[in-house]
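Below, each chain spelled out in residue letters.
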Amino acid sequence: MVSYRTPGRAVLLLTLLTLFLLIQPAEMVKHESFKTCDQSGFCKRNRAYADNAVTQSSWESPYALDPQSIVFSKSQLHGVVLKSIAGSNEPVRLPLTITFLESGAARVTVDEEKRQKGEIELRHNSKAKKERYNEAASWAVVGGLKSSTTAALSSQQDNGFTKVEYGPTKGFEAVIRHAPFSVDFKRDAETQVQFNDRGLLNVEHWRPKVDKEPKEGEEANKEPVEDESTWWEETFGGNTDSKPRGPESVALDISFPGYEHVFGIPEHAGPLSLRETRRGGDGNHKDPYRLYNSDVFEYEMDSPMTLYGAIPFMQAHKKDSTVGVFWLNAAETWIDIIKSKSPLNPLSLGLAGSVDTKTHWISESGLLDVFVFLGPTSKDIMKTYSELTGYTQLPQQFSVGYHQCRWNYVTDEDVRDVDRKFDKHNIPYDVIWLDIEYTEGKKYFTWDPMTFGDSIGMQKQLDLRDRKLVAIIDPHIKNEKGFRISEELKGKNLAVMNKDGNIYEGWCWPGSSNWVDCFNPAAIAWWKTLFKYDAWKGSAPNTFLWNDMNEPSVFNGPEVTMPKDNLHYGNWEHRDIHNINGMTLVNATYQALLERKKGEIRRPFVLTRSFYAGTQRLGAMWTGDNQANWDHLAAAFPMILNNGIAGFPFAGADVGGFFGNPSKELLTRWYQAGAFYPFFRGHAHLDTRRREPYMAGDPYKGIITQALRLRYQLLPAWYTAFYEASTEGSPIIRPNYFVHPSDEKGFALDDQFYLGSTGILAKPVVKEDATSVDIYISDDRPYYDYFDFTVYRGKGSKTIAAPLEKIPILMQGGHIIPRRDRPRRSSGLMRWDPFTLVVVLDENGHAEGHLYLDDGETFDYQAGAYIHRRFVFDKSSSSLVSEDLAVKGSKTAAYLKTMAKVGVEKVVVVGAPAGWASKSTVTVTEDGAQSSTAELSYTPPEGSKAAWAIIRNPKVAIGHGWTIDFS
Ligand code: NOJ
């Protein structure tokens with residue numbers, strides 16, 4: 001028996017809703033479901049504020065730093081910013097803190113002075129907390145907050161300013177103007193970032209609601225100075241937000257003088273280099289970029305509309321300089337971007353003036369809390385930002401392989417069958433996924449007994465090839481009497497509340513649902529219990545997790561999510577924490593996976609759709625419900641690149657496209673592209689035709705198999721790139737500007753990229769009927785075709801043939817690329833396979849590279865159980881040397897012992913010197929052993945193809961030191 005209050009109506013509604021979702025043509029986003037800036041009260045008010053500031057020549061920002069209040073101590077500047085209000089002698093007091101960090105970042109925080117109890121009475125007797133949300137940092141920031149020991153007030157102070165020198169070698173300076181309050185951040189005496197330079201700082205202070213009904217005989221407000229219509233209540237799409245605290249937005253203009261490009265602030269479907277938001281015009285967006293995590297059905301291309309995740313981190317780049325800002329606020333946020341040409345510099349001898357990028361950040365509530373990074377490189381910024389918000393998780397090796405998903409594999413036998421067919425067709429894969437239909441009636445932590453009666457047997461079969469299962473668990477818990485999890489959630493008071501303090505109820509896949517509130521430590525503790533093997537029966541040690549719909553998606557909620565006046569743990573309004581909400585679920589699931597069983601400690605794997613700054617510590621993301629068309633294929637790389645430079649590089653897009661049926665050509669090209677997504681998963685909607693790679697038919701199946709094999713061949717390079725992300729914060733696939741910060745022509749490129757620091761430059765085909773692509777090369781090194789060693793020289797665009805079977809990939813001279821060339825069925829089965837090293841010589845006959853390797857599963861690497869080698873090919877000594885980069889720990893020796901027999905089976909030298917033509921052997925010396933010889937065979941150059949040489953079986957271990965002498 002179902003126990004809804006109105007069972008018939010509820011079931012009917014759900015069926016209609018599901019039908020509606022299924023039969024919708026895959027075309028158009030529903031604009032009417034999501035707010036524009038004009039429909040979002042605080043955004044509209046702040047844009048109007050900006051217009052007013054720009055159009056009134058007499059405009060002066062009403063914010064001033066009270067000079068009497070300034071105290072500088074221990075690398076922190078404290079003071080009070082006074083906001084003057086027309087018609088009042090009482091300014092609003094806004095405590096300011098500027099912290100100068102050891103890392104070279106500066107943090108500017110503006111709060112609002114706490115009011116006396118009773119002074120602020122919330123409307124509607126709401127239970128909402130009566131202060132600005134100040135806990136975003138406790139979720140997003142995990143380190144890097146150590147104050148500088150050297151920041152100091154500058155010896156040169158001007159009247160009306162306070163100047164602080166800070167940063168490495170004190171090359172940075174913050175120039176704080178008192179009135180109007182503004183801050184200029186300088187590097188080497190040049191201004192890089194400016195706060196409130198345009199005077200758009202706006203902290204909507206808390207105020208009591210004054211009834212403005214005109215008294216009898218009095219005229220109604222003739223000229224309202226401000227638009228107050230959305231201060232106290234706001235209605236959109238039939239939902240009314242009660243806004244008990246009234247207006248409380250924070251906004252600031254941040255300018256980047258001399259910077260033409262800004263990148264980041266995912267998640268949006270659009271180019272890497274962000275567009276202007278000038279309210280229309282050629283190439284400009286009408287609306288600002290929006291960050292309000294949402295389940296946007298059939299999202300559109302090249303749009304500033306919000307998507308599922310939000311990382312309010314932006315990098316600005318110009319020739320040889322990158323700077324950045326991190327706007328630490330979890331509420332709905334909009335970002336306007338305009339670019340303007342600065343006047344000609346008289347010293348520039350007639351050269352064009354530079355472009356300034358000016359941004360305007362607007363959040364609905366919370367603190368103004370901004371970090372500023374002065375670079376000078378993107379790499380520096382990523383490192384500092386990652387120190388703050390955490391490095392990318394070093395994932396399990398399997399999760400870097402290929403994932404096979406669809407909504408849905410319908411029975412355990414279906415899963416077994418797919419698994420067998422991959423083997424039959426010799427196609428590698430690591431993980432098969434279960435979407436929501438595996439559950440009994442969308443009740444998570446259950447298995448449908450009719451279809452998944454033998455989930456354990458199914459997982460045992462997967463385990464035979466070291467494969468894994470990922471099962472979906474969403475945050476909405478079916479609201480059903482007798483369902484243990486629902487009853488515990490409600491009984492223990494761990495659910496999100498509505499504005500009245502009762503358990504919030506809304507609609508999602510199961511119909512009537514409640515949402516676990518993972519801000520609550522007790523909810524996390526409870527969530528952990530649900531994943532234990534004896535609690536979640538039918539799951540196994542090779543079951544991992546997928547958290548979807550965690551924006552959260554609520555089918556009948558405002559903008560398909562929760563009402564903003566809902567209440568979370570600590571009585572914070574949903575408004576305050578919305579963009580962090582998704583991450584809290586991932587955090588709870590990650591914690592739960594660490595504690596499934598005593599003594600079984602492995603790295604968790606969790607995929608999430610919703611995310612915020614910091615989620616990179618916990619798992620992977622994907623770009624949600626894309627469509628099976630060429631535009632969506634092309635959109636994926638810019639999105640993944642943007643995520644990567646925003647610190648969350650473990651990213652991918654549904655291969656094949658989620659909605660619709662791809663043509664064979666599109667599917668094939670998508671696999672070729674997917675082989676270069678850090679997170680590589682095929683996925684498809686319930687309504688689509690089956691499209692596992694072995695179903696594609698000739699020649700597609702073979703070509704897709706080659707793409708998958710290429711991914712597996714390069715797994716050592718991918719894993720090393722993940723290691724770099726997890727220790728340096730560098731993106732896994734890297735945009736051109738990141739690798740070549742001096743080459744202006746390459747700054748906006750987002751359809752080609754480098755894989756980690758391997759020198760692999762790829763440009764997978766994303767256009768229909770393409771037979772070639774143009775790859776842009778930024779430097780003068782030789783570049784070689786990955787497959788046939790055709791050499792490309794000189795800066796500029798190169799046309800590369802790209803028939804269907806070809807992925808255009810070049811190798812930049814100067815690198816050594818680690819590979820494993822034996823085709824296997826899963827990455828686990830490659831554990832003991834030997835390595836191939838591809839030495840790609842540069843114009844000076846030099847190359848170097850590195851390899852990181854560990855057990856790919858546990859945390860033992862933290863105790864030294866890993867191999868980290870640096871390979872150097874040196875022309876003068878004509879030798880290839882393997883050097884140790886590892887720091888030894890308690891588990892190093894034991895691990896190295898397990899790897900003692902894993903060797904190098906081939907060394908391929910691309911661009912081999914002509915002198916090697918007469919050579920047939922090389923001398924190999926492994927540390928502590930007698931020298932031996934290995935065979936060398938040389939292939940001379942042919943046409944445009946470079947010479948290359950191969951050394952077979954040099955009999956050296958991958959974990960040892962050794963030298964191969966070519967002289
Ligand atoms: C929405 C997700 O984006 C999609 O990938 C998934 O298949 C469906 N939810 C069903 O769980």
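Computed from a predicted model, the values in this text were never measured in an experiment.

Peer 1: Could you clarify how one ought to interpret the overall build of the protein in this entry?
Peer 2: Counting secondary structure elements, the protein contains 15 helices and 53 strands. In terms of C-alpha radius of gyration, the protein reaches 29 Å, essentially the compact-globule figure of 30 Å for 967 residues. With respect to the principal axes defined by its C-alpha atoms, the protein has extents near 105 × 80 × 55 Å. For the protein, long-range pairs separated by at least 24 residues make up 72% of all intrachain contacts whose partners lie at least 6 apart in sequence. Surface accessibility of the protein: about 36,100 Å² in total, with carbon and sulfur atoms responsible for 51%. Considering the protein, the positive charge centre built from 110 side chains and the negative charge centre built from 123 side chains are found 4 Å apart.

Peer 1: When you look at the domain arrangement of the protein in this model, what are you seeing that I'm missing?
Peer 2: Interfaces are often sized by the accessible area lost when the parts come together. Taken domain by domain, the protein comprises domain 1 (39-212 + 234-389), domain 2 (397-729) and domain 3 (834-967). Domain 2 and domain 3 are separated by 38 Å when their C-alpha centres are compared. Across the boundary between the two partners, domain 2 contributes 12 residues, which contact 13 residues of domain 3. Of the roughly 1,100 Å² buried at the junction of domain 2 and domain 3 (both faces included), carbon and sulfur atoms supply 61%. The tally of links between domain 2 and domain 3 comes to 2 salt bridges. Taking the shortest distance from any N to any O, the salt bridge between Asp855 and Arg603 comes out at 3.5 Å. Going through the elements one at a time, helix 9 (574-594) and helix 13 (715-728) are the ones with two or more residues in the side of domain 2 that touches domain 3. By residue number, the principal contributor to the side of domain 2 that touches domain 3 is helix 13, which donates 5 residues. Across the side of domain 2 that touches domain 3, the residue classes break down as 7 nonpolar, 2 polar and 3 charged.

Peer 1: Looking at this structure, I do not really get the sheet that holds strand 25 (residues 476-478). What am I missing?
Peer 2: Adjacent strands of a sheet form backbone hydrogen bonds with each other and so pair up, either parallel or antiparallel. One open sheet holds the 3 strands; their spatial order is 25-27-26, and the pairing between them is antiparallel. Edge positions in the sheet fall to strand 25 and strand 26 (506-508), since each of these pairs with one other strand and no more. On average, each strand axis in the sheet is tilted by 60° relative to the strand beside it, whichever way the strands run. In this sheet, strand 27 (residues 511-515) lies alongside strand 26 in antiparallel orientation, the contact comprising 3 bridges. The partner of Cys508 across the bridge, within strand 27, is Gly511. Those strands touched by helix 7 (residues 484-491) are strand 25 and strand 27, and its axis lies near 120° from that of strand 25.

Peer 1: I keep staring at the environment of Arg177 and nothing clicks. Help me out?
Peer 2: Examined against the element boundaries, Arg177 turns out to sit in strand 8 (residues 172-177). Here Arg177 falls in the partly exposed class, since its relative accessible area comes to 26%. For the pair Arg177 and Asn159, spaced 18 residues apart in sequence, the C-alpha separation works out to 9.1 Å. Residues within four places of Arg177 in sequence aside, it is in contact with Gly160, Phe161, Ser182 and Asn196. For Arg177, the side chain forms a polar contact with the main-chain oxygen of Pro180, separated by 2.8 Å.

Peer 1: Hey, could you run me through the side chain of Asn547 in this one?
Peer 2: Mapped onto the fold, Asn547 is located in strand 28 (residues 543-547). You can call Asn547 buried: its relative accessible area is 0%. Asn547 has contacts with Ile473, Asp474, Leu585, Val586, Thr589, Val606, Leu607, Thr608 and Arg609, leaving out every residue within four places of it along the chain.

Peer 1: Explain the sheet that holds strand 33 (residues 651-652) to me, please; I cannot follow it from the model alone.
Peer 2: Read from one edge of the open sheet, 9 strands run 33-32-31-28-24-23-22-35-34, paired in parallel fashion. Strands at the two margins of the open sheet, each flanked by one partner only, are strand 33 and strand 34 (654-655). By the bridge criterion, 2 bridges tie strand 34 to strand 35 (residues 680-682) in an arrangement that is parallel. Paired with Asp654 across the bridge in strand 35 is Arg681.

Peer 1: Hey, could you run me through helix 4 (residues 378-389) in this one?
Peer 2: Residue pairs spaced three or four apart in an α-helix point in one direction, given the helix's 3.6 residues per turn. Taking 1.5 Å per residue, 12 residues should reach 16 Å; helix 4 reaches 16 Å between its end C-alpha atoms and fits that length. Of the positions making up helix 4, those classed as buried are Ser378, Ile381, Met382, Thr384, Tyr385, Ser386, Leu388 and Thr389. One or two residues past the end of helix 4 sits Gly390, with phi positive at roughly 100°.

Peer 1: Can you walk me through helix 9 in this structure?
Peer 2: Taking 1.5 Å of rise per residue, 21 residues should cover 30 Å, and helix 9 covers 28 Å from first to last C-alpha, within 8% of that figure. Of all bends in helix 9, the biggest is about 55°, found at Ile580. The element helix 9 is largely enclosed, with a buried count of 19 among its 21 residues.

Peer 1: Please explain the state of the cysteines as it appears in this structure.
Peer 2: Two cysteines joined by a covalent bond between their sulfur atoms form a disulfide. Across all of its chains, the model carries 1 disulfide by this definition. With a sulfur-sulfur separation of 2.1 Å, Cys37 is cross-linked through a disulfide to Cys43. Across the S-S bond linking Cys37 and Cys43, the dihedral sits near -100°, which makes this disulfide left-handed. For the pair Cys37 and Cys43, one class covers both residues: buried. Cys508 takes part in no disulfide bond, and the closest cysteine sulfur to it belongs to Cys518, at a distance of 15 Å. Residue Cys508 is classed as buried on the basis of its relative accessible area, which comes to 0%.

Calculation criteria
- Residues numbered from 1 in each chain as written.
- Predicted model: local features only at pLDDT ≥ 70, side-chain atom pairs only at ≥ 80, totals over all residues.
- Heavy atoms only, no water.
- Helix = DSSP H or I, 4+ residues; strand = E, 2+ residues; numbered from the N terminus.
- Rg over C-alpha atoms; globule rule 2.2 N^0.38 Å.
- Contact = heavy atoms within 4.5 Å.
- Areas by Shrake-Rupley, 256 points an atom, 1.4 Å probe, with all protein chains shown as cover.
- Lys, Arg positive; Asp, Glu negative; His and termini not counted.
- Charge placed at Lys NZ, Arg CZ, Asp CG, Glu CD.
- Domains from an automatic or database assignment.
- Buried area = accessible area lost by both parts, 1.4 Å probe.
- Salt bridge = Lys/Arg side-chain N within 4 Å of Asp/Glu carboxyl O.
- Nonpolar A, V, L, I, M, F, W, Y, C, P; charged D, E, K, R; others polar.
- Pairing = 2+ DSSP bridges.
- Axes fitted to C-alpha atoms, helices over the stretch in contact; angles between N-to-C directions.
- Buried < 20%, exposed > 50% of the residue type's maximum accessible area, 1.4 Å probe, protein only.
- Polar contact = N/O pair within 3.5 Å; in protein donor to acceptor, adjacent residues only side chain to side chain.
- Expected span 1.5 Å × (residues − 1).
- Bend = angle between axes of the 7 residues up to and from the residue.
- Disulfide = S-S within 2.5 Å.

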